[in-house]
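# Secondary and tertiary structure notes
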Amino acid sequence: MSREQAAALAGSGKLKELWSRILFVFAAFIVYRIGTHIPVPGVDPIAISALFDQNRGSILDVLNMFSGGALSRLSVMALGVMPYISASIIMQMLTAVEPRMKQIKAEGESGRRKIQKWTRYAAVVLASFQAIGVASTVQAQTANGVPVTLITGMQFTVICVLALVAGTMFLVWLGEQITDRGIGNGMSLIIFAGIVAGLPSAIGGTIELAKSGEFSWLFVAIVLVLVALVTAFVVFVERGQRRLTVNYARQQRGNQVMQAPASYFPLKMNMAGVIPPIFASSIILFPASLVGFFGNESATGVAGVLRDISTKMQPGELVYTIMYIGMILFFAFFYTALTFDPKEIAENLKKQGAFVPGIRPGQQTARYIDGVVSKLTLVGAIYLAIVCLLPELLIVNYSVPFYFGGTSLLIIVVVIMDLMGQVQSQLMSQQYDSLMKKTNLTGKSGGGRKRRR
């Protein structure tokens, strides 16, 4: 963008609008970070921190990462937006299989608002259920002989549930405000902000471990190189496309027959983006947070069985790995099927007089596109599983902070790429708007001069 174009944008007020949106996102991040430091009433923050330190290396670290460190302080936002994401998964599944839900979705904007309202109600129910589990298990815990809660019984349960549910729904509202008044997807940006907020402490802790001799500097260098390679690999795959050649029918203009040049229909390698790992993590973390939250090693009977299940669901365990890979594969195909309809694409191409070379328009084109998309989705799901699981071997075997894991890196890189793309598209649209207005004004003034002559 040249200086003249930038000046035109600034003069038109469009660039100011973009900056206001970006500043709104940063302001929302500040509000979110302040909320993560407000503890639930009736909780001893020092005892909670000590108890969390005793349970490091478990699935609590994953929960803490997604909550932006709020779980380690048991703040009012400790549950994060995961209950809402779980509710979104349930509603999307119902929309795909329930005829009544399909009809509501087909109503357009009014149907979308109904589904969104029901999703919020479902998020309240899930958050309440999860908060009751947290409140009931935290009361019985002690850290170094000090009770974690200052009050017990039904009084603490009611206070804790109300605080946690209110914190989650406030984050849902904040995410929707970011989507409407800021840039990007609000829920993804909140998760992104929580992960990024823990990076400085993770880097500092890794350096301290290297200084103390627990980690060698060579190992730290290898971790940094691995992080850089994973980041480059994610960018490379996310930018990758499979281009389908599309030809258009010949058009006759007068006595000449014009052949339109061939174009391409781009298909992303990873069409589901970062949604499958987030969905998979939310599904795994939801039962694990209820069963294994500050697990009691002396539990017997049903509680002991639940404790054993929670132990098998820890990162690095075979059951956790198999379930995580399976859910990534499932949600990659599921989300792609929800957002991409080959029949609709084939019908649109047919209406425009376009066709894929060697493939008949209509049903055969739809089947061909569906086959290509299925192969791409399989490759993309395998890529997601590799990126999310391989770096976690370092986490499990060498106690590297979870913030260097594949899931966190994937979320950070994809969200930043999506944010940059939206900023660039807004700049380009605003640039074209300003140039078109300038051209129209010039034409009008020129016409006036001609009339005066």
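Attention in this report is confined to the structure presented alongside it. The model shown is predicted, which means the values in this text are computed figures rather than measured ones.

## Section: the overall build of the protein chain
Looking only at helices and strands, one finds 17 helices and seven strands in the protein chain. The burial tally for the protein chain puts 44% of its 453 residues in the buried class. For the protein chain, long-range pairs separated by at least 24 residues make up 74% of all intrachain contacts whose partners lie at least 6 apart in sequence. Split by element, the accessible area of the protein chain, about 23,900 Å² in all, is 63% carbon and sulfur.

## As for the layout of surface pockets
If you roll a probe as big as a water molecule over the atoms, it shows you where there is empty space left. The space that makes up the largest pocket amounts to roughly 1,600 Å³. Together, 46 residues line the largest pocket, and Gln 92, Asn 185, Ser 188, Ile 275 and Tyr 335 are the ones closest to its centre. Mapped by element, the contributors of at least two residues to the lining of the largest pocket are helix H6 (82-97), helix H8 (109-138), helix H9 (154-181), helix H10 (186-212), helix H11 (217-239), helix H12 (275-291), helix H14 (318-339) and helix H17 (406-452). The dominant element in the lining of the largest pocket, judged by the number of residues it contributes, is H8, at seven residues. Here the residues of the lining of the largest pocket are counted per class, giving 19 nonpolar, 17 polar and ten charged.

## What to know about the sheet that holds strand E7 (residues 354-355)
What the three strands build is an open sheet, ordered E6-E3-E7; its pairing is antiparallel. Sheet topology places strand E6 (263-268) and E7 at the edges, where each strand pairs with a single neighbour. Relative to E6, strand E3 (residues 241-248) is paired through six bridges, and the arrangement is antiparallel. Bridge pairing in E6 links Gln 241 to Lys 268.

## Regarding the nonpolar core
Of all hydrophobic cores here, the largest spans 87 residues; its most connected members are Leu 74, Ile 85, Leu 164, Ile 191, Val 234, Leu 410 and Ile 411. Of all the elements, H9 adds the most residues to this core, at eleven residues. Look past the residues within four positions of Ile 411 in its chain and what remains in contact with it is Phe 66, Ile 191, Ile 195, Val 274 and Ile 278. With eleven residues, the next largest nonpolar core counts Phe 340, Ile 345, Leu 349 and Val 373 among its residues.

## Here we look at helix H15 (residues 342-351)
The periodicity of an α-helix, 3.6 residues per turn, causes residues three or four positions apart to be oriented the same way. Those residues of H15 not exposed but buried are Pro 342, Ile 345, Ala 346 and Leu 349. The buried side chains of H15 occupy one side of the element, clustering within an arc of 100° when seen end-on. Of the residues in H15, the exposed ones pointing more than 90 degrees away from the buried face are Lys 343 and Lys 351. A distance of 3.2 Å separates the backbone nitrogen of Lys 343 from a side-chain oxygen at the start of H15, and that oxygen is part of Asp 341. Looking at the residues trailing H15, positive phi occurs at Gly 353, about 75°.

## With respect to unusual backbone geometry
Phi at Leu 74 takes a positive value of approximately 45°, unusual for a residue other than glycine. As for its position among the elements, Leu 74 is in the loop between helix H5 (70-73) and H6. A relative accessible area of 1% means that Leu 74 is categorised as buried.

## A few points about the side chain of Asn 270
On the secondary structure map, Asn 270 appears in the loop between E6 and H12. Judged by its relative accessible area of 3%, Asn 270 falls in the buried class. Reaching out from Asn 270, the side chain makes a polar contact with the side chain of Glu 238 at a distance of 2.8 Å. Among the polar contacts listed, one links the side chain of Asn 270 to the backbone oxygen of Gly 273, at a separation of 3.1 Å. Residues within four places of Asn 270 in sequence aside, it is in contact with Glu 238, Tyr 383 and Leu 384.

## Describing the pairing of E3
With two bridges connecting them, E3 and E7 associate as antiparallel partners. The partner of Tyr 248 across the bridge, within E7, is Ala 354.

The rules behind the values
- Residues numbered from 1 in each chain as written.
- Predicted model: local features only at pLDDT ≥ 70, side-chain atom pairs only at ≥ 80, totals over all residues.
- Heavy atoms only, no water.
- Helix = DSSP H or I, 4+ residues; strand = E, 2+ residues; numbered from the N terminus.
- Buried < 20%, exposed > 50% of the residue type's maximum accessible area, 1.4 Å probe, protein only.
- Contact = heavy atoms within 4.5 Å.
- Areas by Shrake-Rupley, 256 points an atom, 1.4 Å probe, with all protein chains shown as cover.
- 1 Å grid on protein atoms, 1.4 Å probe; cavity = no way out; pocket = protein on both sides within 12 Å on 5 of 7 lines; lining within 4 Å.
- Points joined across faces, edges and corners; volume = space filled by probe spheres on them.
- Nonpolar A, V, L, I, M, F, W, Y, C, P; charged D, E, K, R; others polar.
- Pairing = 2+ DSSP bridges.
- Core = buried A, V, L, I, M, F, W, Y, C linked by side-chain atoms within 4.5 Å.
- Arc of directions from axis to C-beta.
- Polar contact = N/O pair within 3.5 Å; in protein donor to acceptor, adjacent residues only side chain to side chain.

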